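Secondary and tertiary structure notes
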Amino acid sequence: MPFSILGTLSCYMFVSSFTPGPGNILAMNTTSRFGWNKGKPLILGICCGYFCVQMLCTFAIYSLNMIFVSGLSILKYIGFLYMVWLAVHVARSSPEKNTQNKTPTFRTGFILQLVNVKIYFYITTLLSVYFIPYIESLQGLLLAGIGVVAVGSSASLVWAFMGIQLQSTYEKHYRIINYILAVFLLYCAWNIIRG
């Protein structure tokens, strides 16, 4: 892979991974509401879900390119609806002192990533534009995918730690923060449906 391509690849990965998306927003919202210890299972679910989506996309694009493209168009609408639902849920949520019955789960984070259309498009773009033209073997693509998962997971961790730092601010100003996060989610949903 030429050095000039590595520069654009790095920029694309950084911007796509660290900008607000469903996983990052949920990571921040969860740790700001529940703290790190209760939020860890959800964060782990987000990271594992990311890994599964990365591997799924790699295998699919490598072997079934035409079938996967039509499947991606269906996921676009499912992801749009889910992001709108998530935006409404985030906008309506409030800090609760008694959170014992609503502890974040691994399953919630994992499922979020399975329907997170942003990462499907992100990974598909990485594979088709940056990896497949320069990496010929499936093993090489899978190894590159592990690097992508590391960057994406670190982005979710950064957002989660931002949530911890903002916990007291969140409790004071949760309505405005939730509305801003909901608008980011609606923006992501809009970009997916129009693209």
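Residues numbered from 1 in each chain as written. Predicted model: local features only at pLDDT ≥ 70, side-chain atom pairs only at ≥ 80, totals over all residues. Heavy atoms only, no water.

**Thoughts on the overall build of the chain**
As a reminder of what qualifies: Only DSSP runs of H or I reaching four residues or more are called helices, and only runs of E reaching two or more are called strands; each is numbered from the N terminus. Throughout, exposure labels follow a simple rule: accessible area from a 1.4 Å probe, protein chains only, divided by the maximum for the residue type, with under 20% read as buried, over 50% as exposed, and the rest as partly exposed. Here a residue-residue contact requires only that any non-hydrogen atoms of the pair lie within 4.5 Å.
Of the regular secondary structure elements, the chain holds seven helices and zero strands. Starting at the N terminus and walking to the C terminus, you meet the elements of the chain as α-α-α-α-α-α-α. Expressed as a percentage of its 195 residues, the buried residues of the chain come to 43%. Restricting the contact set of the chain to residue pairs at least 6 apart, pairs at least 24 apart contribute 88%.

**Notes on the packing of helix α2 (residues 22–63) against helix α4 (residues 106–114)**
Rules: All axes are obtained by fitting lines to C-alpha atoms, using only the stretch in contact for helices, and the reported angles, taken between N-to-C directions, cover 0 to 180 degrees. These descriptions rest on fixed angle ranges, namely under 35 degrees for roughly parallel, over 145 for roughly antiparallel, 65 to 115 for roughly perpendicular, and the rest for oblique. Helix crossings get a hand from a simple test, with the near helix turned counterclockwise from the far one by less than a right angle marking a left-handed crossing and a clockwise turn marking a right-handed one. Residues are grouped as follows: nonpolar covers Ala, Val, Leu, Ile, Met, Phe, Trp, Tyr, Cys and Pro; charged covers Asp, Glu, Lys and Arg; every other residue, Gly included, is treated as polar.
Running from N to C, α2 and α4 cross one another at 50 degrees; their axes reach a closest spacing of 6 Å. Taken together, α2 and α4 sit at an angle that is classed as oblique. The hand of the α2/α4 crossing is right-handed. For the contact of α2 with α4, the per-class residue count stands at 14 nonpolar, six polar and no charged.

**Quick word on the packing of α2 against helix α6 (residues 138–165)**
When two helices pack together, their arrangement is given by the angle between their axes and by how far apart the axes lie. With their axes 9 Å apart at the nearest point, α2 and α6 run at an angle of 165 degrees to one another. Here α2 is positioned roughly antiparallel relative to α6, judged by the angle of their axes. Pair α2 / α6 crosses with right-handed handedness.

**Regarding α2**
Quick note on the threshold: Take the number of residues in a helix, subtract one, and multiply by 1.5 Å to get its expected span. Take the seven residues that end at a residue and the seven that start at it, fit an axis to each, and the angle between those axes is the bend at that residue.
Taking 1.5 Å per residue as the helical rise, α2 with its 42 residues ought to reach 62 Å, whereas the 28 Å between its terminal C-alpha atoms falls clearly short. The sharpest bend along α2 comes to roughly 130 degrees, located at Gly-35.

**Examining empty space enclosed by the protein**
Test applied: Only protein atoms enter the calculation, which uses a 1 Å grid: trapped sets of points that fit a 1.4 Å probe without letting it out are cavities, open sets showing protein on both sides within 12 Å along at least five of seven lines are pockets, and any residue with an atom within 4 Å of a point is a lining residue. Grid points are joined across faces, edges and corners, and a volume is the space filled by probe spheres set on the points.
Across all of its chains, the model carries two cavities of 30 Å³ or more by this definition. Here the largest cavity is characterised by a volume of approximately 120 Å³. Lining the largest cavity we find 13 residues, and of these Ser-17, Asn-24, Tyr-50, Lys-118 and Ile-119 sit closest to its centre. Listed by contribution, the elements that provide at least two residues to the lining of the largest cavity are α1 (3–18), α2, α5 (117–131) and α6. In the lining of the largest cavity, the residues fall into three nonpolar, nine polar and one charged. Its boundaries defined by the atoms lining it, the second largest cavity holds a volume of some 30 Å³. Forming the boundary of the second largest cavity are Met-28, Asn-29, Ser-32, Leu-166, Tyr-170, Ile-177, Asn-178 and Leu-181. Of all the elements in the fold, those that place two or more residues in the lining of the second largest cavity are α2 and α7 (167–194). The leading source of residues in the lining of the second largest cavity is α7, at four residues. Of the residues belonging to the lining of the second largest cavity, the class tally is five nonpolar, three polar and no charged.

**Thoughts on the state of the cysteines**
This is how the line gets drawn: By disulfide we mean two sulfur atoms from cysteines, separated by a distance within 2.5 Å.
With the rule as written, the count across this model stands at zero disulfides. With no disulfide partner, Cys-48 has as its closest neighbouring cysteine sulfur the one in Cys-47, 6.9 Å distant. Of the cysteine sulfurs around Cys-52, a residue in no disulfide, the closest is that of Cys-48, at 7.0 Å. Its relative accessible area of 34% is what places Cys-52 among the partly exposed residues.

It is worth stressing that arrangement in space is one thing and function is another; only the former is reported here.
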